[in-house]
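Summary of structural features
Letter by letter, the chains look like this.
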Amino acid sequence: TAGGRVSYRRAGAGPVTVLLHGIGSASGSWLAQLQGLRGEKSVLAWDAPGYGLSDGLRAEKPEPRDYGQRLWEWLDAMCLSESAVTLVGHSLGALMAASAAALRPERVVRLVLLSPALGYGQSSEAIRETRLHERLTALKALGPQGIAERRCKAMVSAHADADLVEYVRLIMAEIRPAGYTQAAHMLAGAHLATEVRDVRCPILVASGAADTITPKDACEGFAKAQQIPYRDLGPVGHACALEAADAVNQLLMNGEAE
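This section reports on the structure supplied with the text. (Residues numbered from 1 in each chain as written. Predicted model: local features only at pLDDT ≥ 70, side-chain atom pairs only at ≥ 80, totals over all residues. Heavy atoms only, no water.)

Observations regarding the overall build of the protein chain
Within the protein chain, the regular secondary structure consists of 10 helices and seven strands. The C-alpha atoms of the protein chain give 17 Å as radius of gyration, which agrees with the globular expectation for 258 residues (18 Å, within 12%). Summarising its shape, the C-alpha atoms of the protein chain cover approximately 45 × 40 × 35 Å along the three principal directions. Every one of the 258 residues in the protein chain was classed for burial, and the buried ones make up 55%. Excluding contacts between residues fewer than 6 apart, the proportion of contacts in the protein chain whose partners are at least 24 apart in sequence is 78%. As displayed, the protein chain has an accessible area near 11300 Å², and 48% of this comes from carbon and sulfur atoms. (Helix = DSSP H or I, 4+ residues; strand = E, 2+ residues; numbered from the N terminus. Rg over C-alpha atoms; globule rule 2.2 N^0.38 Å. Buried < 20%, exposed > 50% of the residue type's maximum accessible area, 1.4 Å probe, protein only. Contact = heavy atoms within 4.5 Å. Areas by Shrake-Rupley, 256 points an atom, 1.4 Å probe, with all protein chains shown as cover.)

What about the nonpolar core?
By size, the foremost hydrophobic cluster in this structure holds 66 residues, and its most contacted members are Val18, Leu71, Trp74, Leu87, Leu111, Leu113 and Val168. Among the elements that make up this core, the one with the highest residue count is helix H3 (residues 92-103) (eight residues). Each residue touching Val168, except ones within four places of it in the same chain, is listed here: Cys152, Met155, Val156, Ala239 and Leu242. Val43, Ala45, Val112 and Leu233 belong to the second-largest nonpolar core, a separate cluster that totals 20 residues. (Core = buried A, V, L, I, M, F, W, Y, C linked by side-chain atoms within 4.5 Å.)

Overview of unusual backbone geometry
If you check the backbone angles, Cys79 has positive phi at about 65 degrees while not being a glycine. Relative to the assigned elements, Cys79 resides in the loop between helix H2 (64-77) and strand S4 (85-90). Classification of Cys79 by relative accessible area gives exposed; the value is 70%. If you check the backbone angles, Ser115 has positive phi at about 40 degrees while not being a glycine. On the secondary structure map, Ser115 appears in the loop between strand S5 (108-114) and helix H4 (125-151). Residue class for Ser115 comes out buried when judged on its relative accessible area of 0%.

Laid out in structure tokens, this is it:
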């Protein structure tokens, strides 16, 4: 793209659904959707700037719109400029997806926010700096492998299968420090309520009841405050697209937010 290389995974044919992962994830976090939806949809899962083989952003401290702009450059490079898409953002990816939907409202038919990160943009400076410092200090002290070892179990519910926990760990261990650092800065300064303000298409919020990273009460409260429909995905954790694959796939198969 004009802004740099974008790596991605693609499966299926039909209406386009674009999947945007969270801060400790990658395109492989959407494995269940790439496999489960390919019979009905064209499913595209990117590696966000600075993740996988994707080039990072130029801005040292990017904003959601920087990721949104790169997304549209990518889809244009894929010759999808005439396609209306469904955008699906998980966790930090919800901020990216919402910003992208606001940037090109005519090209988005539906926005789905899974376990959305609300951002710290409206928090006090002290809170923003503390949250950012915690992430970057852990990255420096532990590295991607150490963060993955520490955080993988927190991504799923207590009853998640051991193979799922290991898969989450493997993906998290592949994060690139520079891309993670940019994403952490974006999270510290972003505010999801601001990003969805200019979105015109139907929006749906969904999360798991066992999510300790973006708790159900926060996700449901955000949806209620914004007058957006909310769906409970059941007793699953933060990595809901993997742990509640059938429920998420069914939600994405529906054409509109209910």
